[in-house]
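Results of the structural survey
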Amino acid sequence: MKADYECTLTLAIDGPAASGKSVVGREVARRLGIRFLDTGAMYRAITLASIQQGVAADDACKLSSLAACADMRLVTHSNGDRLAEVDASVSAVSAVSGVRTALVAQQRAIASDGSIVMCGRDIGTVVLPDASVKVFLTASAEVRAARRAAEMQQRQETFDTRQVLAALQRRDKIDRERDDSPLRPAADALVICSDHLTIEEVVCQILAEVSQC
């Protein structure tokens, strides 16, 4: 499904970790023939850089400077996406207001270049509050943990399912309770619980919503 839009289409997809935002968002963008940006890759890139440079996850000043100097237009995905150390620290780094301010500005600049599907945790509420379509994709912590464990198994990584679940729950707590841009659905977002849905079913629901805008 491809469409020629007379006006710019901005599609915001938010949701917690392992809810399927990236997989779904990338496929929706492919079918619409527009750009895709996973903002989580930007935060992971900053987290990876902080680890490599020895910047502590609670050093807000240095983290903010690191984010302010980074050109995220060059980042499509981070080679630290799946490093356990990055996964363990990314929510703490993402909670730093200076980091969020720097990256949100870049995300808005990227969106200004034309139609885009953008996924993250605050796209519909903060980054693109006037997005054409807003979606909040969620699933139970147990289902998300099972999905993450399956990904790790496919990569032949060692894991404990209980630890995967506990890590997701800790990350959810940080994301939902942070002072700056907490994880929550926009008031006008289409909320989709994917517990019992396939990727194709979620994609089709979103495309149906896009067709109405």
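Residues numbered from 1 in each chain as written. Predicted model: local features only at pLDDT ≥ 70, side-chain atom pairs only at ≥ 80, totals over all residues. Heavy atoms only, no water.

**Here's the deal with the sheet that holds strand β3 (residues 116-120)**
Pairing within the open sheet is parallel, and its five strands lie in the order β2-β3-β1-β4-β5. The two strands at the open ends of the sheet, each matched to only one other strand, are β2 (35-38) and β5 (190-193). Averaged over all adjacent pairs, the angle separating strand axes in this sheet is 20°, with direction ignored. (Pairing = 2+ DSSP bridges. Helix = DSSP H or I, 4+ residues; strand = E, 2+ residues; numbered from the N terminus. Axes fitted to C-alpha atoms, helices over the stretch in contact; angles between N-to-C directions.)

**Considerations on the pairing of strand β4 (residues 133-138)**
Counting buried positions along β4 gives six out of six residues, so the element sits mostly inside the fold. The alternating pattern of β4 places Val133, Val135 and Leu137 and Lys134, Phe136 and Thr138 on opposite faces, both of which are buried. Bridge count between strand β1 (residues 10-14) and β4: four bridges; the pairing is parallel. Following the sheet pairing, Ile13 is matched in β4 by Val135. (Buried < 20%, exposed > 50% of the residue type's maximum accessible area, 1.4 Å probe, protein only.)

**Topic: the pattern of salt bridges**
Under the defined criterion, the tally for this structure stands at 13 salt bridges. Notably, a salt bridge pairs Asp122 with Arg100, separated by 2.9 Å at the nearest N-O pair. Of this pair, Asp122 sits in the loop between β3 and α6 (123-127) while Arg100 is found in helix α5 (residues 97-111), placing the two residues 22 residues apart along the sequence. According to the relative accessible area criterion, Asp122 is buried, its value standing at 1%. For Arg178, the salt bridge is made with Asp175, and the minimal N-O distance between the two is 3.3 Å. The exposure class of Asp175 is buried, given its relative accessible area of 1%. (Salt bridge = Lys/Arg side-chain N within 4 Å of Asp/Glu carboxyl O.)

**Describing the packing of helix α2 (residues 39-52) against helix α3 (residues 60-69)**
Two measures define how a pair of helices packs: the angle their axes make with one another and the distance between the axes. Close contact between α2 and α3 brings their axes to 10 Å; oriented N to C, the two are set at 120°. In this view, α2 runs oblique relative to α3, as classed from their interaxial angle. The two elements α2 and α3 cross, and the hand of that crossing is right-handed. Listed contacts from α3 to Ile46, Ala49 and Ser50 of α2 are Leu63, Leu66 and Ala67. For the contact of α2 with α3, a count of residues per class yields five nonpolar, one polar and no charged. (Parallel < 35°, antiparallel > 145°, perpendicular 65-115°, else oblique. Left-handed = near helix turned anticlockwise from the far one by under 90°. Contact = heavy atoms within 4.5 Å. Nonpolar A, V, L, I, M, F, W, Y, C, P; charged D, E, K, R; others polar.)

Don't take any of this as a statement about function, it's just geometry.
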